[in-house]
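# Secondary and tertiary structure notes
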Amino acid sequence: MSSLTRGGADGRGPLHGFGVVGCGVIGARHAQVAKTLPNAHFVAATDIAAERAKQLATDYGGEAEPDLDSLLAREDVDVVAVCTPNGAHSEVGVRAARAGKHLVVEKPIDITLAAADRLIDAAQVAGVKMTVISQHRFDAGLVELHRMLDAGQLGRLVMGDSRVKWYRTDAYFGAAPWRGSWALGGGGALISQGIHYADLLLWCMGPVAEVMATCATAAHDIEVEDVEVAVLRFASGAIGSLESATAVFPGFRERLEVSGTGGTVVVEDGRIVVRELLAEHGEVGPYGSRVTEAGGAGASGASGASSGAADPAAITNDAHAAQVADLLAAIDEDREPAVTGADGRSVLELVLAVYESARRNAPVTLPLRS
Ligand SMILES: NC(=O)c1ccc[n+]([C@@H]2O[C@H](COP(=O)([O-])OP(=O)(O)OC[C@H]3O[C@@H](n4cnc5c(N)ncnc54)[C@H](O)[C@@H]3O)[C@@H](O)[C@H]2O)c1
């Protein structure tokens with residue numbers, strides 16, 4: 001395991017040195033996060049495009065390494081942020097784990113279950129900690145919804161729906177052609193955008209038992225889907241839906257709706273916009289009651305400023321920083337992080353089931369065979 005400088009900025013825990021692999025849109029975010037956290041610092045970056053690593057190092061005060069081996073050889077790097085395209089996460093992560101580095105892996109964990117399993121195994125064998133980014137689990141509205149579910153306030157779950165209907169231009173796909181490809185992207189709007197709230201849906205509703213899905217490429221010259229709709233049956237017996245798009249102008253706030261026999265909570269862009277509990281209502285008539293939207297009882301969390309609906313660069317760092325801080329605490333306390341490799345694998349499995357169902361035009365049951 002790599003050596004650590006003792007004493008973070010608070011003088012207590014170790015100071016963790018970060019290496020960033022893949023210096024595009026999200027690589028810069030990880031360098032920023034490492035600079036922001038009191039017990040982390042940004043050390044070095046590498047990219048197969050050398051000028052990108054140099055630029056990131058210049059922008060955030062680290063060093064550019066010519067290749068992955070030289071970054072992994074650095075004793076002052078003990079955490080590696082894997083920020084390469086979707087289908088190049090496991091390959092980089094496995095090498096980093098074998099070099100004794102802890103891992104922050106961007107979503108999705110990779111694009112096949114076999115690749116996900118290789119990465120999870122490598123981290124386990126090496127005894128390093130790994131988290132797969134699902135930063136919205138740390139949004140205030142999600143934290144509160146999950147607390148309410150744990151407390152049983154929503155009763156027995158009956159429906160759960162996730163909607164990430166965003167907009168991306170042709171220039172977004174043109175700037176990084178892997179984003180529109182099966183080979184390195186592993187899919188389109190679902191695996192790259194909808195996956196954020198698909199993970200939240202699983203986190204809140206539990207595992208999915210069956211999916212029936214339709215995907216289409218409606219508005220872009222790409223080989224993967226830019227619109228996707230799936231009907232879900234959860235293992236609990238609840239039902240729901242999962243919608244993703246990069247073709248819906250101008251891009252709507254991402255939305256999660258969870259309903260149980262005890263009421264409904266709706267989260268939009270990380271904040272609770274509907275919180276209706278049967279137990280908190282007076283007498284309810286045969287036709288139910290009116291919903292209090294936006295800013296009603298229980299509304300909490302970040303403002304809409306963090307949404308990536310029309311611009312991924314508009315997503316704020318706060319939730320990423322919270323997830324990375326949790327990984328560092330997991331390292332220091334020798335515990336599992338809040339979001340594990342297994343969590344990353346579960347949402348990938350749901351994504352792959354949706355694609356298989358759309359391809360076969362037939363229902364697909366989970367778990368999938370890997
Ligand atoms: N959590 C979020 O909100 C969020 C937002 C955007 C992107 N992402 C994820 O981050 C990852 C990167 O996305 P992006 O938009 O930053 O992509 P990007 O194309 O902007 O950057 C990827 C970089 O990786 C480099 N690269 C490719 N293969 C490499 C390899 N084998 N070794 C080293 N460098 C390599 C490329 O040259 C490029 O600079 C994707 O998996 C994406 O899904 C997450």
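Working note: regular strand, side chains alternate between the two faces of the sheet. Counting buried positions along strand 1 (residues 16-21) yields 6 of 6 residues, so the element is predominantly enclosed. In this fold, strand 1 hands off to helix 1 (residues 25-36), which returns the chain to strand 2 (residues 40-46); that crossover is right-handed. Pairing of strand 1 with strand 4 (residues 79-82), which is carried by 4 bridges, proceeds in the parallel orientation. The partner of valine 20 across the bridge, within strand 4, is alanine 81.

What follows is about the sheet that holds strand 3 (residues 63-64). A sheet is described by the order of its strands in space; here 6 strands give the open sequence 3-2-1-4-5-6, paired in parallel fashion. Unpaired on one side and paired on the other, strand 3 and strand 6 (130-132) mark the two borders of the sheet. Pairing of strand 1 with strand 2 involves 6 bridges; the strand directions are parallel. Bridge pairing links valine 21 to threonine 46 in strand 2. Against the sheet, helix 1 engages strand 1, strand 2, strand 4 and strand 5 (102-105), with an angle of about 150 degrees to strand 2. Contacts between helix 4 (residues 89-98) and the sheet are confined to strand 1, strand 4 and strand 5, with strand 5 contributing the most and set at about 165 degrees to the helix.

With that out of the way, let us pick up the site of the ligand. By nearness alone, 25 residues border the ligand, and Gly22, Gly24, Val25, Glu106 and Ala176 come closest of all. Grouping the constituent residues of the shell around the ligand by class yields 14 nonpolar, 7 polar and 4 charged. Both domains that furnish three or more residues to the shell around the ligand are identified here as domain 1 (16-128) and domain 2 (137-313 + 348-360).

This next bit is on the domain arrangement of the protein chain. Its domain assignment divides the protein chain into domain 1 (16-128) and domain 2 (137-313 + 348-360). Here domain 1 and domain 2 have C-alpha centroids that lie 28 Å from each other. Taken together, the contact between domain 1 and domain 2 spans 12 residues of the former and 15 residues of the latter. Of the residues in the side of domain 1 that touches domain 2, the class split is 8 nonpolar, 3 polar and 1 charged.

Glancing now at helix 9 (residues 189-205). Along its length, helix 9 reaches its greatest deviation from straightness, about 65 degrees, at isoleucine 195. For helix 9, the tally of buried residues reaches 17 of 17 residues, placing the bulk of the element in the interior.

Parameters at a glance
Residues numbered from 1 in each chain as written. Predicted model: local features only at pLDDT ≥ 70, side-chain atom pairs only at ≥ 80, totals over all residues. Buried ≥ 20, exposed ≤ 12 C-beta atoms within 10 Å, placed from the backbone. Helix = DSSP H or I, 4+ residues; strand = E, 2+ residues; numbered from the N terminus. Right-handed = clockwise from strand over helix to strand, strands pointing away. Pairing = 2+ DSSP bridges. Contact = placed C-beta atoms within 7 Å. Axes fitted to C-alpha atoms, helices over the stretch in contact; angles between N-to-C directions. Near = placed C-beta within 6 Å. Nonpolar A, V, L, I, M, F, W, Y, C, P; charged D, E, K, R; others polar. Domains from an automatic or database assignment. Bend = angle between axes of the 7 residues up to and from the residue.

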